[in-house]
Amino acid sequence: MKVALIQMNSGSDKPANLAAAQALIEKAVAEEKPDWICLPEVFDFMGGSRAEKRAAAETLPGGPAYTMLQTMAKTHNVFIHGGSILEHIDGEERVGNTTVAFDRQGRELARYRKIHMFDITAPDGQQYNESAAFRPGDAVVTYDCEGVTVGCSICYDLRFPDLFQALVDKGAQMIALPAAFTLQTGKDHWEVLLRARAIETETYFCAAGQTGTHVQGNETRATYGHSIVVDPWGHVVAKASDGVGYVAGRIDPARVGKVRAMIPVAQHKRKLS
Ligand SMILES: O=C(O)CNC(=O)[C@H](CS)NC(=O)CCC(=O)C(=O)O
């Protein structure tokens, strides 16, 4: 199975973001013929104020981001893991940070709402308060992609190993992690965490990132990019260059079984007292 991870620099112009995403999907399809494409977190709208996020959010299904992804999947006969989009939730002030995945016919396969909220202080003092604008989900979500079980996660979720154990318990062989990792945390934690999670769960990781600078209210933030495919042994299969673009790599589901047979960690789990 061939995968392509799209790396973007989304801003607060939703039509421009959707056009950029579509152009990158079409470029990846033309050059690589992937079976599965993953977009980054909030590829449809990044930054802006809380009010602007609310205004940009769409009701699922049928909004412009949803429809673009569905059309691309159907037109190019490809699975699309739609990074995340801002989801309008009826009766709720906050929006969902939501993945929608489509099969080759453009049928919706899965919906996942980011579970862990990035409410932190970065080393430079910059504060992030994701839960002020976003409502977290709580459901662990997997779907089938022609025999490969794909697990859903988003960005900051990466720091919570319990989620990935739960995904593996549901059969995940490959985990998608659309992200907008900050430059400050990404340079030290991104690849280390992804490779550790891949090794401990013995799954592939496909992590598609935002890159570059984004204007967020009065502040500017920088994201880390480095979209990456990691195999179940923890090897880096492919990694994106700096800047907007994509990276392609191959997933071999048999390799998951081989690694799990060599080091059967799932069978060696102990109950701790
Ligand atoms: O706010 C938006 O527009 C979109 N959402 C994001 O960018 C999210 C929440 S602020 N970013 C992260 O989760 C970064 C995690 C991270 O960098 C880490 O865990 O170190």
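Residues numbered from 1 in each chain as written. Predicted model: local features only at pLDDT ≥ 70, side-chain atom pairs only at ≥ 80, totals over all residues. Heavy atoms only, no water.

Whenever I open this one, the layout of surface pockets confuses me. Can you help?
Empty space among the atoms becomes visible once a probe the size of a water molecule is rolled across them. Taken as a whole, the largest pocket encloses approximately 490 Å³ of empty space. For the largest pocket, the lining is made up of 26 residues, of which K53, Y128, E130, Q216 and R221 are closest to its centre. Looking at the lining of the largest pocket, the elements that each hand over two or more residues are helix 2 (50–56), strand 8 (127–129), helix 4 (130–133) and strand 14 (219–224). Its residues placed into classes, the lining of the largest pocket shows 11 nonpolar, 8 polar and 7 charged. Contributing to the lining of the second largest pocket are Q165, V168, E200, T201, E202, R260, I263, P264, V265, A266, Q267 and K269. Elements supplying a minimum of two residues to the lining of the second largest pocket: helix 5 (161–169) and helix 6 (183–201). (1 Å grid on protein atoms, 1.4 Å probe; cavity = no way out; pocket = protein on both sides within 12 Å on 5 of 7 lines; lining within 4 Å. Points joined across faces, edges and corners; volume = space filled by probe spheres on them. Helix = DSSP H or I, 4+ residues; strand = E, 2+ residues; numbered from the N terminus. Nonpolar A, V, L, I, M, F, W, Y, C, P; charged D, E, K, R; others polar.)

Would you take a moment to explain the packing of aromatic side chains for this structure?
For any pair of aromatic rings, geometry is given as the distance between the ring centres together with the angle between the planes. In total, this model carries 6 aromatic pairs according to the counting rule given. Arranged with centres 5.1 Å apart and planes meeting at 65 degrees, the rings of F118 and Y156 form a pair that is edge-to-face. Note that F118 is positioned in the loop between strand 6 (108–113) and strand 7 (119–121) and Y156 in the loop between strand 10 (148–152) and helix 5, a separation of 38 residues in sequence. Taking relative accessible area as the criterion, F118 reaches 13% and is therefore assigned buried. For the pair F164 and F205, a centre-to-centre distance of 5.5 Å together with 45 degrees between the ring planes defines the contact as tilted. (Phe/Tyr/Trp six-rings, centres within 6.5 Å; stacked < 30°, edge-to-face > 60°. Buried < 20%, exposed > 50% of the residue type's maximum accessible area, 1.4 Å probe, protein only.)

Whenever I open this one, the pairing of strand 16 (residues 236–239) confuses me. Can you help?
Regular strands show a simple pattern: their side chains alternate between the two faces of the sheet. Bridging between strand 15 (residues 228–230) and strand 16 involves 3 bridges; their strand directions are antiparallel. Counterpart to V229 in the pairing with strand 16 is A238. (Pairing = 2+ DSSP bridges.)

Hey, could you run me through the site of the ligand in this one?
Neighbouring the ligand are 18 residues; K114, C155, R159, T182 and T185 lie closest to it. The contact in question runs from an oxygen atom of the ligand to an N or O atom on the side chain of T185, over 2.6 Å. Within the side chain of R221, an N or O atom sits 3.1 Å from an oxygen atom of the ligand. Protein contact buries 98% of the 490 Å² of open area that the ligand shows by itself. Here the ligand is seated within the largest pocket. (Near = heavy atom within 4 Å. Polar contact = N/O pair within 3.5 Å; in protein donor to acceptor, adjacent residues only side chain to side chain. Areas by Shrake-Rupley, 256 points an atom, 1.4 Å probe, with all protein chains shown as cover. Sits in = over half its atoms within 2 Å of the grid points.)

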